[in-house]
Amino acid sequence: MTVGAYPLSPAHRAAALDRLASDEFDVLVVGGGVVGAGAALDAATRGLRVGLVEARDYASGTSSRSSKLFHGGLRYLEQFNFSLVFEALRERSLVLNTLCPHLARPVPFIYPLQTRFDRAYAGLGIGVYDVMGAGRGVPGHHEHLGRARTLESFPSGSPAIRGAIRFYEGQVDDARHTMMLVRTAAHFGAVCANSTRVTGFVRDGERVAGVGVRDLDGGREFEVRAKQVINATGVWTDETQGMAGGQGQFRVRASKGVHLVVPRSRINSSTGIITRTEKSLLFVIPWGSHWIVGTTDTDWSLDLAHPAASRADIEYLLGHVNTLLADPLTADDVVGVYAGLRPLLAGESDSTSKLSREHAVASPVPGLTVIAGGKYTTYRVMAKDAVDLAVRGLGRAVPSSCTERVPLLGADGYPAAWNARRRTAEDTGLAVTTVAHLLGRYGTLTDELLEIIAHRPDLGVPLAGAPEYLKVEAYYAASHEGARHLEDVLTRRTRISIEVADRGVAAAREVADLIAPVLGWSQTDIAREIEHYDARVAAERESQHQLDDYTADAARLGAPDVRVGVTQ
């Protein structure tokens, strides 16, 4: 297999840097989160010349740290924001049915009822939600359950639960989905490079005509010229905007959302669980052999790259989830913790939970489009709106967006591949569960991993330090999926950093040795990567023992960024 022939391979990135330095693009996207990746795909599928630069790794910010759901947003019904809910439910349907059925799937949830007033109140809201989402990618309508049926599906439930309402949401591995958006954009001709930080904007008079960038892995600095630049940097929007000059037309505030990961065995339930808190909704989400419990919603004004979860955050989540459980969780049950920042459009309220999740697009300076706000579920609409505004400045007719009809790589033929999983297992000698695992992460691109295993059978076995993943997945992350550093593999291409009790420390050496030949690492490089990863884990653990945001932030910043020269 020729590694360089595939989008996001090391050879592809090297060629991309050369093209970024030499070509002029119709549209250059700054930011490799879900909205930036979506914008690159949207523009590329309109036939435009497209570039994408990302300072760290694809999805390394907010887009790898969400609740991992495609959902309409039940609480927006309370705000009578029906248009946002309907839009999100439409996008959920597209993702589940058309765009990436290999990465996203419907998951049943229950909303437990604990007072006699809950059924009328919650039932009305979920009923409206269900009607608005009828037929939109989920296998059934909502259903009211009595106490006996509720505890039958949720044996770990508290005796105080009187019943429940059962309904569906969509689930996705956000980091893999974002990476696959980038990979699909590259497939359609977009020139994409991570570890490529914007250092400033290039101006032709008053007009933005590109950006200056630095390759953080190689040290090279150069300019990227573009007729239009889209700033899709999420919580960094205001900072990036400051480089371009001009007054921004909106402000972005960061809201911290913390999630806990606990073993599946600690909560006996056949469905996910959603309940209300005084601030928001609390989710208990099935995640392979684990549950994800989240989230918080608090203002954050400290380090944007590495938001820290404090002991107060962890105790808050445990306290709320334990109101639903007969056998309470403790901090010892927590395997992993992650914190992300939502980029909210700043409003009049000081409470982040009341700030707008709706997005805004503006052109504060000629040649520059800024997109901010929104939610993961509506990334495709946000991307479309950003490109729609940007292409007005091209001075020619541009085709309209077609991304609602463009499946991501790995989606084409997925239902047939899923149906053939037993035959594939027999042909390859892998377990059926292993083939199912691969199909749920790579879709029909699973054939690429199977081809690698055919040439290198030693990669077809589990990682010793993280046996839910095969060695080939670590190798493939570097050879095909754009991973540049050890933490990219352990935290985003896989979820080893939050799914294994030691947070991936034991697997680090094994994974580093697997990807070193692909990335051209020496033994010194391997040692440095492991040292950085161990320091990151230690800093995160230390931050989670701190009482508040300030001390947690200081502890987390004790670990330097593995990407040289990253300061924002």
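Predicted, not measured: the structure shown is a model, and the values here were computed from it.

About the criteria used
Residues numbered from 1 in each chain as written. Predicted model: local features only at pLDDT ≥ 70, side-chain atom pairs only at ≥ 80, totals over all residues. Heavy atoms only, no water. Axes fitted to C-alpha atoms, helices over the stretch in contact; angles between N-to-C directions. Helix = DSSP H or I, 4+ residues; strand = E, 2+ residues; numbered from the N terminus. Parallel < 35°, antiparallel > 145°, perpendicular 65-115°, else oblique. Contact = heavy atoms within 4.5 Å. Nonpolar A, V, L, I, M, F, W, Y, C, P; charged D, E, K, R; others polar. 1 Å grid on protein atoms, 1.4 Å probe; cavity = no way out; pocket = protein on both sides within 12 Å on 5 of 7 lines; lining within 4 Å. Points joined across faces, edges and corners; volume = space filled by probe spheres on them. Salt bridge = Lys/Arg side-chain N within 4 Å of Asp/Glu carboxyl O. Buried < 20%, exposed > 50% of the residue type's maximum accessible area, 1.4 Å probe, protein only. Core = buried A, V, L, I, M, F, W, Y, C linked by side-chain atoms within 4.5 Å. Domains from an automatic or database assignment.

**Q** Explain the packing of helix 4 (residues 82-99) against helix 10 (residues 379-390) here, please?
**A** Pairs of packed helices are described in terms of their axes, by the angle between the two and the distance that separates them. For the pair helix 4 and helix 10, the least separation of the axes is 9 Å and the interaxial angle reads 105 degrees. When the interaxial angle is binned, helix 4 and helix 10 end up roughly perpendicular. The segment helix 4 lies against helix 10, with Glu87, Arg90, Glu91, Leu94 and Leu99 engaging Tyr379, Arg380 and Val381. A breakdown of the residues in the contact of helix 4 with helix 10 according to their chemical character gives 4 nonpolar, no polar and 4 charged.

**Q** Whenever I open this one, empty space enclosed by the protein confuses me. Can you help?
**A** Taking a probe equal in size to a water molecule and rolling it over the atoms shows the remaining empty space. In total, this model carries 8 cavities of 30 Å³ or more according to the counting rule given. For the second largest cavity, the calculated volume is near 280 Å³. Together, 24 residues line the second largest cavity, and Arg65, Val337, Tyr338, Arg536 and Glu540 are the ones closest to its centre. Within the residue set of the lining of the second largest cavity, elements represented by two or more residues are strand 16 (336-345), helix 16 (486-493), helix 17 (496-499) and helix 19 (523-543). In terms of residue count, helix 19 provides more of the lining of the second largest cavity than any other element does, 5 residues in total. Its residues placed into classes, the lining of the second largest cavity shows 10 nonpolar, 7 polar and 7 charged.

**Q** Looking at this structure, how should I read the pattern of salt bridges?
**A** Scanning the entire structure with this criterion turns up 43 salt bridges. Among the ionic pairs, Arg46 bridges to Asp42, the shortest N-O distance being 2.6 Å. For the pair shown, Arg46 and Asp42 are each scored as buried. The salt bridge involving Asp327 is made with Arg266; its shortest N-O contact spans 3.1 Å. Note that Asp327 is positioned in the loop between helix 9 (311-321) and strand 16 and Arg266 in the loop between strand 11 (252-263) and strand 12 (272-276), a separation of 61 residues in sequence. Since its relative accessible area comes to 18%, Arg266 is described here as buried. Here the salt bridges do not stand alone but share partners, grouping Asp57, Glu487, Asp488, Arg492, Arg493, Arg536, Glu540, Arg556 and Arg563 into one network.

**Q** Would you explain the nonpolar core in this entry?
**A** Considering soluble globular proteins, one finds that nonpolar side chains tend to be buried as a cluster. Grouped together as the largest cluster of nonpolar side chains are 90 residues, with contacts concentrated most on Val29, Cys192, Ile230, Leu486, Ile496, Val511 and Trp521. The dominant element in this core, judged by the number of residues it contributes, is helix 18 (residues 505-519), at 9 residues. When residues of this core are assigned to domains, at least three fall in each of domain 1 (10-63 + 176-251 + 356-405) and domain 3 (456-558). Not counting residues up to four positions away in its chain, the partners in contact with Ile496 are Leu463, Ala466, Tyr469, Leu490, Arg503, Gly504 and Ala507. One finds Ala193, Val208, Val213 and Val370 within the second-largest nonpolar core, a separate group that totals 28 residues.

**Q** Help me out: how do you make sense of unusual backbone geometry in this one?
**A** Of all residues except glycine, most have a negative phi; of all peptide bonds, most are trans. With an omega dihedral of 15 degrees, the bond running from Gly294 to Thr295 counts as a cis peptide bond. By the secondary structure assignment, Thr295 is in the loop between strand 14 (290-294) and strand 15 (298-300). Not every positive phi belongs to a glycine, and Ser195 is a case in point at roughly 55 degrees. Structurally, Ser195 is set in the loop between strand 7 (191-193) and strand 8 (196-204). Note on Ser195: relative accessible area 0%, which makes it buried. You will see that Arg503, though not glycine, has its phi angle at about 65 degrees, which is positive. One can find Arg503 in the loop between helix 17 and helix 18. Residue class for Arg503 comes out buried when judged on its relative accessible area of 5%.

**Q** Is there a simple way to explain the layout of surface pockets in this structure?
**A** There is about 680 Å³ of room inside the largest pocket. If you trace the largest pocket, you find 27 residues lining it, with Arg105, Trp287, Gly288, His437 and Arg441 closest to the centre. For the lining of the largest pocket, the elements supplying multiple residues, two or more each, are strand 4 (104-113), strand 6 (163-172), strand 13 (281-287), helix 13 (432-442) and strand 20 (466-470). Among the elements that line the lining of the largest pocket, the one with the most residues is helix 13, at 6 residues. A class-by-class count of the residues in the lining of the largest pocket yields 11 nonpolar, 7 polar and 9 charged. Taken together, domain 2 (107-171 + 253-345) and domain 3 (456-558) each give at least three residues to the lining of the largest pocket, which thus spans both.

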